[in-house]
Amino acid sequence: MSSDDFLEIPWQKLSPEALEGMLDELVSRDGTDYGEVECSQEEKRLQLRQALEAGRAVIAFCPTSESWTVLPRHP
């Protein structure tokens, strides 16, 4: 997915329930192998939330495929 293929969805525009649902869904599709350090789903969800809140990541929606993901924000 290139930056031209997606729309940035501000996480602040989502209801708390919608944001939690998106984070839960993303963490569950991410699998369980996090490399050398094992992370619980709660830890992974917290890391994603913190990255969104700090502006290090964005919610990216692709209108063509009607899919979304969280991507690192590029400077």
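Residues numbered from 1 in each chain as written. Predicted model: local features only at pLDDT ≥ 70, side-chain atom pairs only at ≥ 80, totals over all residues. Heavy atoms only, no water.

Structural notes on the confidence of the model for the chain
Point 1. In the predicted model, the chain carries a mean pLDDT of 85, and the fraction of residues at 70 or more is 83%.
Point 2. Ranking the elements of the chain by mean pLDDT puts strand S3 (residues 67–72) last, at 90, and strand S2 (residues 57–62) first, at 94. (pLDDT = per-residue confidence, 0-100. Helix = DSSP H or I, 4+ residues; strand = E, 2+ residues; numbered from the N terminus.)

Regarding the pairing of S2
Point 1. With 5 of 6 residues buried, S2 is to be regarded as a mostly interior element.
Point 2. Where strand S1 (residues 7–9) meets S2, 3 bridges bridge the pair, whose relative direction is antiparallel. Residue pairing across strands places Glu-8 opposite Ala-60, the latter belonging to S2.
Point 3. Examined bridge by bridge, S2 and S3 share 6 bridges and lie antiparallel to one another. In the sheet register, Phe-61 faces S3, and the bridge partner there is Trp-68.
Point 4. Linking S2 back to S3 in an antiparallel pair, the connection comprises 4 residues, with Glu-66 at a positive phi of about 55°. (Buried < 20%, exposed > 50% of the residue type's maximum accessible area, 1.4 Å probe, protein only. Pairing = 2+ DSSP bridges.)

What about helix H1 (residues 16–29)?
Point 1. With 14 residues, H1 should cover 20 Å at 1.5 Å per step; its first-to-last C-alpha distance of 20 Å lies within 8% of that length.
Point 2. Residues of H1 that are buried include every one of Leu-19, Met-22, Leu-23, Leu-26 and Val-27, and no others. In a view along the axis of H1, the buried residues occupy a sector of 130°, so they form one face of it.
Point 3. If you follow the buried residues of H1, they end up packed against helix H2 (41–54), S2 and S3. (Expected span 1.5 Å × (residues − 1). Arc of directions from axis to C-beta. Contact = heavy atoms within 4.5 Å.)

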